[in-house]
Amino acid sequence: MGWLQQKKLMLILCIFVFVLAISGCGTVGQNKASGSGEGKGDNNSSAKIQYPMKAVTVVHGFKPGGGSDQLSQLVQPFLEKVLKQQFVNEYKPGASGAIACKEVMLSKPDGYTLTTLMAPTTILTALINPNAGYSMDGFVPIANIIFDPGVLLVSPDSKFQTIQDLLDYARKNPGQLKLADNGIGGDDWYNTTMIEKIAGLKFNHIPFEGDGPACQAAAGGHVDAASSNISIAAPLIKGGKLKALAVYTEERLSLIPETPTLKESGIDFVEGSYRGYMAPKGTPQEIIDILADGMEKVINDPTFKKACDDVNLQIKFMRGDAYKSFVDNKVKVLQQVVAEIKK
């Protein structure tokens, strides 16, 4: 090869190396630019995952009109506006919610199939029924939205005009006081069982299929009393068809300020129905966060707050570690309760 040819070859090689160097610098610059945004939270999440890209199905284990449905009818119209996607309710009642929970637990963990977490009912069903087909370990809690306090009710013309009247009778007549609730595994059943345990009483539990029928039985004098949730009982209380003897809250409710708490009667018990959402285990944390972020925006909407007030529901928002800890603690407490009733 002649000297001139060698010189041309060296020139070509130099140009090639120079072009590679420029390209490499451009790539590095782009990587740094994209990396600099990784700590910006929402921007990074949206870069990792686009959700929701289609309608989300919420499977309910109870009939329309119950607490689970009430939660969705309140929350989801607002959530659709926040997340720009439709939330579709699907009802598969039966086995105290077990049918729906099992289906959702076994569904694809992609954020497009959710169910409600009704504490304590959802937890109790899995603990009491060995054939429930699901456990709380199979889910990821997303967020709790609502707390619906428990309340003890009688008909207005009942011989029990105060909570003390009822407690005294139950103490003197073990197993005689007919008390309506929503059956073994329901939140009302759990509440009255705990009242029995704490106060050293024994009731005659009369199970009904839901709060509504139980309240109607008390209003008609077919049972001595009923345990329900304030959102269900409020219209009947306001209409003079039921009288509230005690609420299961820390403080008296503004709705019925004349009604004492159980604590005021020496029964240290605060309970009701906690209502939130959960997804199948394995659902990406980014999706859980997107849903929880959306729900947090919903509960801060003044219109949503008013909607809850209108149906006598309290907002009790929990998410992340706080909600998981709450559920885990509930599981531990309810395991003990179930172990005792199975003895």
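Here, the structure is the one placed above.
Below or above, wherever it landed, is the structure these notes cover. (Residues numbered from 1 in each chain as written. Predicted model: local features only at pLDDT ≥ 70, side-chain atom pairs only at ≥ 80, totals over all residues. Heavy atoms only, no water.)

With that settled, consider the overall build of the chain. When helices and strands are tallied, the chain shows 12 helices and 10 strands. Taking all 343 residues of the chain together, the buried fraction comes to 46%. Restricting to contacts in the chain with at least 6 residues of sequence separation, those with at least 24 account for 76%. Working note: accessible area of the chain is about 17,000 Å², and carbon and sulfur atoms make up 55% of it. (Helix = DSSP H or I, 4+ residues; strand = E, 2+ residues; numbered from the N terminus. Buried < 20%, exposed > 50% of the residue type's maximum accessible area, 1.4 Å probe, protein only. Contact = heavy atoms within 4.5 Å. Areas by Shrake-Rupley, 256 points an atom, 1.4 Å probe, with all protein chains shown as cover.)

Further remarks concern the packing of helix H7 (residues 187–199) against helix H12 (residues 320–341). Two elements in contact, H7 and H12, have axes whose closest approach is 12 Å; the angle formed by their N-to-C orientations is 75 degrees. Judged by the angle between their axes, H7 and H12 are roughly perpendicular. Contacts between H7 and H12 involve Trp189, Tyr190, Met194 and Lys197 from the first element and Val333, Leu334, Val337, Glu340 and Ile341 from the second. Within the contact of H7 with H12, the residues separate by chemical class into 7 nonpolar, no polar and 2 charged. (Axes fitted to C-alpha atoms, helices over the stretch in contact; angles between N-to-C directions. Parallel < 35°, antiparallel > 145°, perpendicular 65-115°, else oblique. Nonpolar A, V, L, I, M, F, W, Y, C, P; charged D, E, K, R; others polar.)

Below, the discussion takes up the nonpolar core. Tyr134, Met136, Leu166, Tyr190, Leu262 and Val327 are the most contacted members of the largest nonpolar core, which totals 48 residues. Top contributing element to this core by residue count: H12, with 7 residues. Filtering out sequence-adjacent residues up to four positions away, tyrosine 190 remains in contact with Pro120, Leu124, Phe269, Glu271, Val333, Leu334 and Val337. Within the second largest apolar cluster, 30 residues are counted, among which are Val75, Ala292, Met295 and Ile299. (Core = buried A, V, L, I, M, F, W, Y, C linked by side-chain atoms within 4.5 Å.)

The next thing to look at is unusual backbone geometry. In the segment running from tyrosine 51 into proline 52, the intervening peptide bond is cis, with an omega of -10 degrees. Within the fold, proline 52 resides in the loop between helix H2 (42–48) and strand E1 (56–60). In the segment running from alanine 119 into proline 120, the intervening peptide bond is cis, with an omega of 15 degrees. In this fold, proline 120 is placed in the loop between strand E3 (113–119) and helix H5 (121–128). Even without being glycine, alanine 95 reaches a positive phi, approximately 55 degrees. By secondary structure assignment, the location of alanine 95 is in the loop between strand E2 (87–91) and helix H4 (98–105). One non-glycine residue, serine 96, lies in positive phi territory at about 55 degrees.

So, about the pattern of salt bridges. Under the defined criterion, the tally for this structure stands at 14 salt bridges. Its salt-bridge partner being aspartate 328, residue lysine 324 comes within 2.9 Å of it at the nearest N-O pair. Within this pair, lysine 324 and its partner aspartate 328 are both found in helix H12, separated by 4 residues, close to a single helical turn. Overall, lysine 324 belongs to the partly exposed group, its relative accessible area being 44%. Each of the salt bridges in this network shares a partner with another, and the network as a whole consists of Glu90, Lys92 and Glu103. (Salt bridge = Lys/Arg side-chain N within 4 Å of Asp/Glu carboxyl O.)

Attention now goes to empty space enclosed by the protein. The full count for this structure, using the stated rule, is 1 cavity of 30 Å³ or more. Its boundaries defined by the atoms lining it, the largest cavity holds a volume of some 50 Å³. In terms of lining residues, the largest cavity is bounded by Gly61, Phe62, Ser96, Gly97, Cys101, Thr115, Thr116, Met118, Thr121 and Thr122. At the level of elements, E3 and H5 are the ones that each hand at least two residues to the lining of the largest cavity. Considering each element in turn, the lining of the largest cavity owes the most residues, 3 residues, to E3. (1 Å grid on protein atoms, 1.4 Å probe; cavity = no way out; pocket = protein on both sides within 12 Å on 5 of 7 lines; lining within 4 Å. Points joined across faces, edges and corners; volume = space filled by probe spheres on them.)

Applying the stated criterion to the full structure yields 9 aromatic pairs. Considering the side-chain rings of phenylalanine 78 and phenylalanine 304, the 5.4 Å spacing of their centres and the 80 degrees angle between planes classify their relative orientation as edge-to-face. Of this pair, phenylalanine 78 sits in helix H3 (residues 67–83) while phenylalanine 304 sits in helix H11 (residues 302–310); the two residues are 226 residues apart in sequence, bridging distant segments of the chain. Of the two residues, phenylalanine 78 and phenylalanine 304, neither departs from the other in class, the shared state being buried. A connected cluster of aromatic rings, assembled from ring pairs, spans Phe147, Tyr274, Tyr323 and Phe326. Lysine 54 extends its terminal NZ or CZ atom over the ring of tyrosine 112, reaching a point 4.9 Å from the ring centre. (Phe/Tyr/Trp six-rings, centres within 6.5 Å; stacked < 30°, edge-to-face > 60°. Lys NZ or Arg CZ within 6 Å of the ring centre and 35° of its normal.)

We now examine the side chain of threonine 259. Relative to the helices and strands, threonine 259 is located in the loop between strand E8 (243–247) and strand E9 (272–280). Exposure remark for threonine 259: the relative accessible area of 2% places this residue in the buried category. Excluding anything up to four places from it in sequence, threonine 259 contacts Ala244, Leu245, Ala246, Val247 and Arg252.

Looking now at the pairing of strand E5 (residues 178–181). Bridge count between E5 and strand E6 (residues 204–207): 4 bridges; the pairing is parallel. Counterpart to alanine 180 in the pairing with E6 is isoleucine 206. Since E5 and E6 lie parallel, the crossover through H7 that links them has a hand, and here it is right-handed. (Pairing = 2+ DSSP bridges. Right-handed = clockwise from strand over helix to strand, strands pointing away.)

Purely geometric stuff here, so don't read any function into it on its own.
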